Structures are given as structure tokens and as C-alpha cells.
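# Examination of the molecular architecture
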Amino acid sequence: MSAGWRTLLLRIGDRCPEYGGSADHKEHIETCYGVLCREYEHSKDAMFEFLLQCADQLPHKIPFFGVLIGLINLENEDFAKGIVDTTHANLQDALHNENRDRIRILLRFICGLMCSKVVLPNSIIETFEALLSSAATILDEETGNPSWQPRADFYVYCILASLPWGGSELFEQVPDEFERVLVGIQSYISIRRHFDDIAFSVFETDEGNSPNKKDFIEDLWERIQVLSRNGWKVKSVPKPHLSFEAQLVAGVSHRFSPISCPPPTISQSSSEIVKGQEKHEADLKYPQRLRRLHIFPTNKAENMQPVDRFVVEECILDVLLFFNGCRKECAFYLVSLPVPFRYEYLMAETIFSQLLLLPNPPFRPIYYTLVIIDLCKALPGAFPSVVVGAVHALFDRISNMDMECRTRLILWFSHHLSNFQFIWPWQEWAYVKDLPKWAPQRVFVQEVLEREIRLSYFDKIKQSIEDAVELEELLPPKAGPNFRYHSDEGKESTDGHRLSKELVGMVRGRKTQGDIISWVDEKIIPVNGAKFALDVVCQTLLDIGSKSFTHLITVLERYGQIISKLCPNEEMQLLLMDEVSAYWKNSTQMIAIAIDRMMGYRLISNLAIVKWVFSPANVDQFHVSDRPWEILRNAVSKTYNRIFDLRKEIQTLRKGLQAAKEASEKAARELEEAKSIIEIVDGQPVPSENPGRLRRLQARADKAKEGEVTTEESLEAKEALLARGLEESKELLRLLFKSFVEVLTERLPPISVDGDVPNLRAGDPNVNSAARDPEATTMEIDNENGGDNDSQLNGQNKKISHNVGELEQWCLCTLGYLKSFSRQYATEIWSHIAMLDQEIFVGNIHPLIRKAAFSGLCRPTSEGSHL
């Protein structure tokens with residue numbers, strides 16, 4: 001690659017953000033165009049691919065690349081036509097492969113090309129109308145499948161999302177045709193079904209009171225209507241083509257060929273369950289990209305038009321998408337968006353909305369953590385204070401936050417502080433010490449401190465809260481083992497002490513597992529019983545492996561069979577977990593790790609873990625600690641991860657088996673062909689091939705056949721494991737929901753005589769505004785978020801009384817986690833929905849339990865509403 005081409009890469013890749021800021025974008029475009037012209041003859045193909053790649057992966061710069069292609073079109077129409085045709089092929093391919101991001105970006109790109117006179121406006125209209133026609137067909141009961149409305153909504157969303165980038169030019173050049181498209185969108189909006197996604201809201205609301213007046217599509221359509229009334233003027237979309245309009249108008253505009261959308265998936269049954277499964281599948285393939293979260297009050301956040309907010313949100317999400325895995329580059333482009341106003345508050349809200357997106361964020365939470373850290377370093381004078389304000393605002397409404405989101409916020413906040421020396425104004429939250437132990441704000445601070453200790457050490461975190469010594473009460477005990485048979489001189493020696501010491505000697509003496517099992521069977525069980533044997537062995541082995549995670553894993557690998565022999569059933573496995581909990585009672589982290597590792601080595605079953613978590617001692621901790629939920633999450637996720645991994649391995653083995661069969665057939669065919677060639681020697685037919693070659697062919701055929709048999713056996717073994725895993729997952733799901741139903745039924749307040757469902761949120765359980773700017777703690781939730789808009793503080797420091805009691809808080813937490821599992825494993829629940837209906841959700845189930853259990857499924861009830 002020549003030096004000039006490398007210069008072009010540098011200019012376009014590094015300096016491009018400047019064209020929206022202080023730099024002269026006209027001069028910059030002319031410079032880049034000059035380099036393109038000089039390099040055209042030497043790097044035509046590379047230039048072609050590079051421009052398409054830039055538009056695809058830097059979509060917030062599409063106006064810039066559109067002008068460059070428009071200028072090239074003046075000199076070389078074939079090059080520009082090739083860009084248009086390739087874009088059409090890419091869009092067609094994306095539609096049929098259901099590549100959502102590429103469809104959205106390519107529609108924006110052709111609008112950018114249209115602005116630079118490269119694409120005919122009528123072609124854009126034809127493309128929009130094809131998408132609208134497909135969307136309307138999907139909703140038709142006879143020719144389509146309304147369960148797939150998410151795909152239809154996505155097509156309309158793509159049209160609406162591209163209008164800020166090209167609506168002005170369409171309105172000027174083809175006003176009648178453009179109006180026809182808008183009328184078509186309005187017609188679609190009128191016939192589509194409104195979706196209330198309250199089950200996926202960051203904040204809980206009063207039961208039965210849904211604040212969602214508009215869903216995402218309806219909200220975006222309203223923003224576009226406002227834009228239309230304002231003459232299609234958008235501040236957030238740069239218009240570099242206007243500086244070159246006199247030149248670009250002389251170019252030849254190319255036709256963008258008509259597109260064809262994939263036909264709608266026809267429903268295979270009229271069953272409500274089948275329709276629900278289809279709707280769920282459609283939601284998975286076409287999820288809502290953003291559930292808007294307004295953290296800051298209007299007088300603190302940037303003042304911008306609704307459509308400008310949407311455009312900047314889209315640009316932020318695009319940067320997060322295309323720079324996933326490149327945290328520093330992501331932060332660089334996030335702070336350099338080509339918009340003429342500040343957007344730090346909006347950027348924080350958008351990133352937090354993705355971090356807290358339900359049921360899952362688009363990327364791993366660690367990605368957003370690293371991006372926020374780099375943004376704080378990139379904008380040290382602005383962004384850290386924005387993050388602080390966001391944390392305070394979220395903390396003030398933590399009692400109404402979804403339990404899954406609350407857990408993510410705890411994990412993010414503790415990790416974030418670990419990168420800034422654990423510095424935080426803890427004195428502002430010192431008041432939580434006086435709140436009840438189950439108050440959400442107190443639990444939040446307690447869990448954050450516990451997670452910080454995991455990332456550092458006890459004394460360091462204790463020192464970090466020295467300005468708020470009241471919070472020391474919320475610190476967990478200093479981590480350390482609680483060995484029951486520790487040998488102290490002043491302590492009475494019991495049988496347990498003697499046997500534990502003897503077991504330590506056997507381990508140090510490198511005795512085999514068989515020797516130790518025989519010793520346990522002969523010396524401990526006959527005299528003291530199996531439970532005492534488990535006590536001694538478990539406590540001792542845990543103590544031997546207590547120095548580090550590696551020591552623990554080594555002990556479980558070497559002596560796991562001993563524990564397995566002592567725990568042949570769930571009853572003994574429950575006792576084993578009690579022993580682990582007792583030994584590591586001062587370390588929640590080690591309890592979770594030990595139980596997780598034991599499940600990994602199949603010393604403990606997932607069913608036993610569920611029963612242990614729902615034992616009375618742990619049930620009482622549901623609302624005051626994350627420990628039981630962490631263990632339960634690990635067990636359920638590990639179960640389904642095994643199934644996922646097995647399915648991937650089976651898919652790979654099936655491909656390998658097909659290749660092995662083809663190789664075996666080819667080798668056998670070559671061997672037979674070689675044997676079939678004969679010649680007459682002394683009147684007798686003999687093989688004409690060299691015997692050495694025949695032996696090599698025979699060996700190759702034998703080896704190929706052996707490989708085929710081995711692969712087939714491996715496939716059969718994996719399929720058997722998968723069948724076993726699927727059965728285990730079914731039993732796990734049954735037990736999990738049964739356990740939730742039992743504990744909730746015991747504690748939920750009954751339905752009134754009039755049939756009214758109890759409102760567990762009688763008031764705000766704990767909100768405290770302590771000595772800080774009240775404006776920074778005010779929060780608004782817009783209509784798509786599912787929160788209310790009445791969280792306004794009066795500016796005075798006060799404590800609001802606790803209207804929610806401990807029982808109600810326990811119910812809210814447990815229902816919240818039930819809802820979380822429902823969302824997380826909705827696909828598995830749909831697979832076994834008939835079993836759950838017949839065995840678990842029968843009889844007079846409390847409506848709050850049913851609602852939480854099916855909240856992630858958008859399952860229609862008999863009345864037609866959605867849960």
C-alpha cells in the first residue's frame with residue numbers, strides 16, 4: 001500500500017470526527033477527495049471496499065462518506081454505480097439473513113448517497129414502500145403471521161430512523177411520493193398492536209398501573225411528526241453536502257434497484273402456546289434496541305429536540321456496537337460525535353440504559369464498565385460528575401428498581417470504584433445504617449462494600465469509608481475460614497479433632513482416594529455415622545484447600561470421589577452445602593465458588609442446590625443478601641450453559657461426521673479402483689498396481705473408516721449427554737418454579753374479598769436526600785421505560801417513613817427474582833410451558849406469582865391482556 005493510501009486511512013480514520021466540530025469539514029473533504037483521486041488508479045478495488053467498510057462501521061459519518069462518493073461520481077460514474085449496486089446486494093442479503101444492524105445502517109447509507117445526488121430519490125421511496133408492504137403483510141391474519149409483528153415493527157423503525165438523515169431532501173425533491181410513505185406509516189401504526197413492555201422496565205410500578213402510553217415505535221413516530229412540522233430541520237445530522245451542492249448537482253443519479261423482503265413465516269397452528277412461542281422467537285430475532293432511561297431532570301440534562309435526542313442515541317449505540325472489544329477507540333469516538341451541542345448527560349443515560357437493558361444487555365456488562373472508565377479519563381472535567389449524579393439518582397430510586405438491574409448496578413458500581421481507588425462520598429449515604437436491615441438502600445450499600453472487598457481486601461475498604469464510620473457496621477466479617485476441628489492447646493480434643501488430624505496426615509502422606517475411602521468406611525462410619533463422617537471429611541478437606549482458589553480446585557480434583565461417596569443422595573448433598581456454608585460463613589464469595597466448583601465436578605446436583613437455596617435458613621435471607629441468589633444464578637446458568645455447549649459440540653461433530661464419511665468413501669473408492677486394475681501374468685490375472693501402493697491405500701481406507709466410526713461414537717455419546725441434560729433442565733425448571741410458588745404462597749398477602757390484588761408498594765420504602773444538590777437526585781422515566789414521573793424531591797433534607805414492611809419487601813424481592821428467571825430463561829420455559837401449566841400453575845395460584853412467572857413471556861391471558 002502506498003504512502004498516499006496510508007495517509008488517506010489516517011485522515012479518514014483519525015481526523016474525521018473533526019468535521020463536525022471546529023475543523024472546516026469542506027476543506028477536510030476536499031483534502032480526502034484529493035488523496036482518493038491520486039490513489040484511484042493504483043488502489044481502485046481497495047478504495048471501493050474501504051469506502052463501503054467505513055460507511056458500514058462508522059455510520060455516524062455517513063454524510064461525510066456520501067459526499068466523497070458524490071464527488072467521485074462526478075468523475076467516474078461507474079465507480080459510484082458499483083457502490084450503489086453493491087449496497088443493494090448487501091441490503092438484500094441482510095434482509096434475508098435478518099442482519100438487523102446492517103439493514104438499518106444500509107438504509108441510512110442510501111439516504112446519504114441520495115443527499116449527495118448519487119441515488120435517485122424515487123428509488124428510496126420504492127425501498128421504503130417495499131418495507132412497508134412487507135410489514136403490512138406480516139400483520140395480516142390470512143396472508144401473514146401477526147406473531148411476527150416485531151419484524152414488521154423493525155422494518156418501520158428502519159424507515160423512521162433513516163428520515164432524519166434524508167427526510168429533508170425527500171420532502172424537497174419528491175414531496176408527493178414522500179407524503180405517500182408517511183401516510184403508509186400512519187396506516188401501519190393504526191393497525192399494529194401496541195406492546196406494553198412493562199415486564200422489561202428498569203423500574204417497577206404500582207401493580208396494575210401501566211404508565212406506558214406509547215411504545216417505542218409510537219414514540220419514534222411522534223418524534224418524526226414533530227420533525228415534519230419543523231420543516232425537517234435536524235441539528236444533530238451534519239449536512240456537508242450543502243457545501244458542495246453546486247458541484248454535486250451535475251452528477252448522474254443512479255437507480256437503486258427494488259428490494260424483496262423475505263416472506264412472512266406462516267403460523268403452523270392456531271394454538272395460543274404456539275403463537276406465544278412464535279412471538280418469543282420473533283422478539284429474540286428483532287429485539288427492541290433501546291429502552292430509554294431518563295436519569296437526569298430536564299434542567300440538568302442537555303436541551304435538545306426529541307429527534308436530535310434520538311439521532312444522538314443512535315450514534316452512541318452504533319459506536320458501542322462497532323467498537324465492542326476496542327474500549328479506547330470506543331471512548332474516542334463517543335466523545336467526538338459530529339453534533340453541535342454537548343451530550344455528556346445523554347451519553348451517560350444511553351450507556352446506563354444499555355447496561356441495565358432487560359432481559360440482557362447487548363454486550364457483557366464489563367464492556368460498559370470499561371467504556372465508562374475511559375470516558376471519565378477522556379473527559380475528566382465533565383463526565384465523572386455526570387456519573388456521580390447518575391449514581392445518586394439511581395440510588396434514590398433503588399427501592400423501585402428491578403432486581404436484575406439492581407444486581408447489575410451493584411456489580412458495575414463496585415468495579416467502577418475499584419478503578420478510582422475506591423473513592424466515594426460515603427458520608428452522604430451514612431444514614432442507611434439506621435434503616436432496617438432489609439431496606440433496599442441499606443442492602444445496596446452492604447452489597448457494594450462486599451463486592452469491593454472481593455476486588456481488594458478488607459482493610460483497604462474499611463479505610464475507604466473512614467469518613468463514614470457508621471457504615472463499618474455494614475461491612476461483612478473479615479474473611480477467613482471457620483474450621484471446626486482446629487487444634488488449639490487449650491481446646492478439648494474430641495473424636496472429630498483426632499480423626500481430622502489423622503485425615504490430614506493421610507493427605508500429606510499421599511494416600512490414594514481408595515485408601516481414604518476405606519479408612520472412612522472402617523474407622524468413622526461404623527462408630528459415628530455417615531453424617532459425622534461427612535462433617536469431618538468436608539471440614540478437613542476444605543481447610544486443606546483454603547489457601548486459595550487453586551488449592552480448593554486441586555483438593556476437589558484429587559479427593560472429589562471421597563465426597564461423592566459420602567453424598568450419594570440429595571439429603572447428604574444438602575448437608576454438604578451446610579458444611580461449606582459453615583466453614584466459609586465469613587466469606588460469601590468462597591461459599592459461592594465452592595458450591596459452584598462442586599457442581600462442576602458433579603459432587604452436588606443442581607436440584608440439590610435449588611432445594612438448599614429454598615431451605616428456611618436461606619429463604620429468610622432473600623431480601624437482605626444476594627448470597628442465596630448468586631448461588632442459584634450460578635447453578636441455573638451452569639445447567640443451561642452445559643446444554644448450550646453440548647449443542648455446539650454436536651453441531652460440530654455432525655459436520656465432522658459428514659466430512660469423515662466423505663473421506664472414508666473416497667478412500668474406499670480409490671482402493672477399489674486400484675484393486676480393479678489387473679493384468680495377465682503367466683496366464684493368471686494379478687493386480688497391476690504396486691503392492692506397496694495397495695497397502696498404503698488399504699491403510700488410508702482403514703484409518704478413514706476408523707475416524708468415521710470414532711466420530712459417530714462421539715456424536716452418539718454427546719447426543720446421549722444432551723438428552724440427559726435436557727431432562728435435567730426440565731426437572732430443574734419444575735423444581736425452581738415449584739419452590740418459588742411454595743415460598744411465595746406462604747407469605748403473600750391474600751386477595752381481598754372483592755378480588756382486589758394486594759398492592760405491595762404502599763409507598764416508597766426508603767428515600768433519603770442527604771446534604772446534596774436535590775436537582776441531581778431527581779429522576780424522570782419516559783413512557784417507554786415503565787417508570788413514573790413523580791419522583792420529585794422538594795429540596796429539603798428529610799427522611800420518608802417506611803410504608804413497606806419487611807414482609808412486603810421480602811415478597812417484592814422474591815417476586816423480582818422470579819421475574820428475572822422468567823425473562824432470562826424464557827425460551828426454556830416456552831419449551832416446557834404445558835408441563836408448568838399442568839403441574840405447577842394449577843388451582844388457585846396467587847395472581848402476583850403467575851404474573852411474575854410469565855412476565856418474560858408476553859403470554860396472553862384468557863382476557864387477552866399480556867402478562
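Summary of the structure given here. (Residues numbered from 1 in each chain as written. Predicted model: local features only at pLDDT ≥ 70, side-chain atom pairs only at ≥ 80, totals over all residues. Heavy atoms only, no water.)

## Structural notes on the overall build of the protein
For the record, the criterion: Put simply, DSSP marks the helices as runs of H or I at least four residues long and the strands as runs of E at least two long, and each gets a number from the N terminus on. Buried, partly exposed and exposed residues are distinguished by accessible area as a fraction of the type maximum, computed with a 1.4 Å probe on protein chains only: under 20%, between the cut-offs, and over 50%, respectively.
Each helix and strand counted, the protein has 34 helices and 2 strands in total. Of all 867 residues assigned to the protein, the portion counted as buried reaches 53%.

## Observations regarding helix H21 (residues 495–508)
The criterion, for reference: Take the number of residues in a helix, subtract one, and multiply by 1.5 Å to get its expected span. The contact criterion used is simple: two residues touch if any of their non-hydrogen atoms lie within 4.5 Å.
Counted at 1.5 Å a residue, the expected span for H21 with its 14 residues is 20 Å, and the 20 Å between its end C-alpha atoms agrees. When we look at burial in H21, the residues that qualify are Gly-496, His-497, Leu-499, Ser-500, Leu-503, Val-504, Met-506 and Val-507. The inward-facing, buried residues of H21 contact helix H22 (513–528), helix H23 (530–544) and helix H24 (549–566). Remark: Arg-510 follows H21 within two positions and exhibits a positive phi of approximately 60°.

## Quick word on the packing of aromatic side chains
Using the following cut-off: Centres within 6.5 Å are what make two rings of Phe, Tyr or Trp a pair, Trp counting through its six-membered ring; a difference in plane orientation under 30 degrees is then read as stacked, over 60 as edge-to-face, and the rest as tilted. Criterion for a charge above a ring: Lys NZ or Arg CZ within 6 Å of the ring centre, and within 35 degrees of the ring normal.
Inspection of the entire model under this criterion finds 38 aromatic pairs. The interplanar angle of 75° and the centroid separation of 5.9 Å between the aromatic rings of Trp-426 and Trp-429 together place this pair among those described as edge-to-face. Comparing Trp-426 with Trp-429 shows no difference in burial state: the two are buried. Between Tyr-583 and Trp-584, the ring centres sit 5.1 Å apart and the planes meet at 85°, which makes this aromatic pair edge-to-face. Within the aromatic cluster, the residues linked to one another by ring pairs are Phe-614, Phe-622, Trp-629, Tyr-640, Phe-740, Trp-810, Tyr-817, Phe-821 and Tyr-825. Over the aromatic face of Phe-203 sits the side chain of Arg-397, whose NZ or CZ is 4.4 Å from the ring centroid. The lysine or arginine in question, Arg-747, covers the ring of Trp-810, its NZ or CZ lying 4.7 Å from the ring centre.

## Brief notes about the nonpolar core
Filter applied, for reference: Put simply, buried Ala, Val, Leu, Ile, Met, Phe, Trp, Tyr and Cys residues joined by side-chain atoms within 4.5 Å make one nonpolar core.
Among the nonpolar cores identified, the biggest contains 162 residues, and Phe-352 and Trp-426 are the most heavily contacted of them. At 12 residues, helix H8 (residues 149–173) tops the list of elements feeding residues into this core. Beyond its immediate sequence surroundings of up to four residues, Phe-352 is in contact with Leu-293, Ile-295, Ile-372, Ala-390, Leu-394, Leu-409 and Trp-412. Listed in part, the 98 residues of the second largest apolar core include Met-572, Trp-584, Ile-643 and Leu-657.

## What about the environment of Tyr-40?
Tracing the sequence through the fold places Tyr-40 in the loop between helix H2 (25–39) and helix H3 (44–57). Spatially, the C-alpha atoms of Tyr-40 and Ile-72 are 9.9 Å apart, while their sequence positions differ by 32 residues. Not counting residues within four places of it along the chain, the set of residues in contact with Tyr-40 comprises Met-47, Asn-76 and Phe-79.

## Things to note about the pattern of salt bridges
Here is the rule: The salt bridge criterion pairs a side-chain nitrogen of Lys or Arg with a carboxyl oxygen of Asp or Glu, the two atoms within 4 Å.
Under the criterion given, the structure shown has 56 salt bridges. A salt bridge links Arg-255 to Glu-126, with the shortest nitrogen-to-oxygen separation between them at 3.2 Å. Placement of the pair is Arg-255 in the loop between helix H11 (245–248) and helix H12 (272–285) and Glu-126 in helix H7 (residues 121–139), with a sequence separation of 129 residues. With relative accessibility at 45%, the residue Arg-255 sits in the partly exposed group. Here Glu-126 falls in the partly exposed class, since its relative accessible area comes to 31%. Among the charged side chains, a network of salt bridges with common partners joins Asp-101, Arg-104, Arg-108, Arg-289, Glu-314 and Asp-318.

## What to know about the packing of helix H18 (residues 403–418) against helix H19 (residues 440–455)
Note the threshold: Geometry is summarised by axes, namely lines fitted to C-alpha atoms with helices restricted to the contacting stretch, and by angles between N-to-C directions that run from 0 to 180 degrees. Angle categories are assigned with fixed cut-offs, so that under 35 degrees is roughly parallel, over 145 is roughly antiparallel, 65 to 115 is roughly perpendicular, and the rest are oblique. For any pair of crossing helices, the crossing counts as left-handed if the nearer helix is rotated counterclockwise from the farther one by less than a right angle, and right-handed if it is rotated clockwise. Under the scheme applied, nonpolar residues are Ala, Val, Leu, Ile, Met, Phe, Trp, Tyr, Cys and Pro; charged residues are Asp, Glu, Lys and Arg; polar residues are all the others, including Gly.
Close contact between H18 and H19 brings their axes to 9 Å; oriented N to C, the two are set at 45°. It follows from the interaxial angle that H18 and H19 lie oblique. Taken as a pair, H18 and H19 cross one another with a handedness that is right-handed. Counted together, Arg-406, Leu-409, Ile-410, Leu-411, Phe-413, Ser-414, His-415, Leu-417 and Ser-418 of H18 and Pro-440, Phe-444, Glu-447, Val-448, Arg-451, Glu-452 and Leu-455 of H19 form the full contact between these two elements. Per-class residue counts for the contact of H18 with H19 are 9 nonpolar, 3 polar and 4 charged.

Taken by themselves, the reported measurements are silent on function.
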